[in-house]
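# A closer look at the structure
Chain by chain, the residues:
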Amino acid sequence: MNLKKYINKGMSFQQYYQHIDEVIANGNKEEATYPYYELNKTRIERLQKKFEVSEENLEKIKGLKNLIYLIVITEGWCGDAAQILPIIEGICAQSDFIEARIVLRDENTDLMQEYLTNGNQSIPIVIGIDESGEEKFHWGPRPAWADEILKAYKNDEISKSDFLIQIQKKYNQDKGKSIENELIELILR
């Protein structure tokens, strides 16, 4: 599948954040997902202020010679996306050779169907592509450490409430470093 069309179709980070603001201002307040937009905006803003790419990873990405695009499939209500997109934005800001475009899952069902997670439309999904539009890797919907917490929830070992609390606590403790490391490792392959 050639993914180049999603580069032009996708939004910049600024456009994506404007989309979130528009939903907050004009969205249907009765929709189940509506309250998450404002919560996620707060999370995004907090991470944008605090996250910095490590010196070690800055050195690694300085060696990039070929442009790589990151196509991110997501939605503004997604809690994981609120934790992950600011990290991607921080990485992109440090290299002229890494560029991201964001596409909304519900407007790009054909693309989402190609990147299901265990048969589910889990997001965000990050697809790394080269300049010709060919896939180099895909990652997501969460960092590797989250799999254990998710597994405990899926096996009814913890409640949904405990799952959400544990995930958020771990995101807060990790400060985006696992996401940064996992993505940069893939980008450099």
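Summary of the structure given here. Because the structure is a prediction, the values reported are computed rather than measured.

### Notes on unusual backbone geometry
- The omega angle of the peptide bond from Ile-123 to Pro-124 is 0°, so this bond is cis rather than trans.
- Cis geometry marks the peptide bond from Gly-140 to Pro-141; its omega dihedral reads 10°.
- Turning to its location among the elements, Pro-141 is positioned in the loop between strand S4 (135–139) and helix H7 (146–154).
- Located in the positive-phi region is Asp-156, a residue other than glycine, with phi close to 60°.

### A word on the nonpolar core
- The biggest cluster of nonpolar side chains holds 64 residues, and the ones touching the most others in it are Tyr-16, Leu-70, Ile-73, Ile-88, Ile-98, Leu-111 and Ile-127.
- Considering every element that reaches this core, the biggest residue donor is helix H5 (residues 79–93), with eight residues.
- Setting aside its immediate chain neighbours within four residues, Ile-98 contacts Ile-61, Leu-64, Leu-67, Ile-68, Leu-70, Ile-91, Cys-92 and Ile-187.

### Considerations on the side chain of His-19
- Within the secondary structure layout, His-19 lies in helix H2 (residues 13–26).
- Excluding residues within four positions of it along the chain, His-19 makes contact with Met-11, Tyr-37 and Leu-104.

### Looking at the environment of Thr-33
- Looking at the secondary structure, you find Thr-33 in the loop between H2 and helix H3 (34–50).
- Assessed through its relative accessible area of 25%, Thr-33 is described here as partly exposed.

### What to know about the environment of Leu-150
- Mapping Leu-150 onto the fold places it in helix H7.
- In this view, Leu-150 contacts Arg-142 and Phe-163; residues no more than four positions away in its chain are not counted.

### Points about the pattern of salt bridges
- Enumeration over the complete set of coordinates arrives at 10 salt bridges.
- Of the charged contacts in the structure, one is a salt bridge between Glu-99 and Arg-101, with a shortest N-O distance of 3.0 Å.
- By relative accessible area, Glu-99 is classed as partly exposed at 28%.
- Residue Asp-106 is joined to Arg-105 by a salt bridge in which the shortest nitrogen-to-oxygen separation is 2.9 Å.

### Remarks on the pairing of strand S1 (residues 68–74)
- Counting buried positions along S1 yields seven of seven residues, so the element is predominantly enclosed.
- Side chains of S1 alternate between two faces, with Ile-68, Leu-70, Val-72 and Thr-74 and Tyr-69, Ile-71 and Ile-73 buried alike.
- By the bridge criterion, seven bridges tie S1 to strand S2 (residues 98–104) in an arrangement that is parallel. By the bridge assignment, Ile-71 is partnered in S2 with Arg-101.
- In the classification by handedness, the crossover that spans S1, the intervening H5 and the parallel S2 is right-handed.

### Observations concerning the sheet that holds S2
- Strand order across the open sheet formed by four strands is S2-S1-S3-S4, with mixed pairing between neighbours. Each edge of the open sheet carries a strand with a single partner, namely S2 and S4. The mean angle between the axes of side-by-side strands here comes to 20°, regardless of whether they run parallel or antiparallel.
- Relative to strand S3 (residues 125–129), S1 runs antiparallel, the two being bridged by five bridges. In the strand pairing of S3, Ile-71 is matched with Ile-127.
- Each of S1 and S2 is contacted by H2, which is oriented at about 30° to S2, the strand it contacts most.

### So, the packing of H5 against helix H9 (residues 177–187)
- Viewed as axis vectors pointing N to C, H5 and H9 meet at an angle of 50°, and their least axial separation amounts to 10 Å. In terms of axis orientation, H5 runs oblique to H9. H9 is crossed by H5, and the crossing has right-handed handedness. Here Gln-83, Ile-84, Ile-87, Ile-88 and Ile-91 of H5 lie close against H9, whose contacting residues are Ile-179, Glu-180, Leu-183, Ile-184 and Ile-187.
- Of the residues that constitute the contact of H5 with H9, the class distribution is eight nonpolar, one polar and one charged.

Rules of the game
- Residues numbered from 1 in each chain as written.
- Predicted model: local features only at pLDDT ≥ 70, side-chain atom pairs only at ≥ 80, totals over all residues.
- Heavy atoms only, no water.
- Helix = DSSP H or I, 4+ residues; strand = E, 2+ residues; numbered from the N terminus.
- Core = buried A, V, L, I, M, F, W, Y, C linked by side-chain atoms within 4.5 Å.
- Buried < 20%, exposed > 50% of the residue type's maximum accessible area, 1.4 Å probe, protein only.
- Contact = heavy atoms within 4.5 Å.
- Salt bridge = Lys/Arg side-chain N within 4 Å of Asp/Glu carboxyl O.
- Pairing = 2+ DSSP bridges.
- Right-handed = clockwise from strand over helix to strand, strands pointing away.
- Axes fitted to C-alpha atoms, helices over the stretch in contact; angles between N-to-C directions.
- Parallel < 35°, antiparallel > 145°, perpendicular 65-115°, else oblique.
- Left-handed = near helix turned anticlockwise from the far one by under 90°.
- Nonpolar A, V, L, I, M, F, W, Y, C, P; charged D, E, K, R; others polar.

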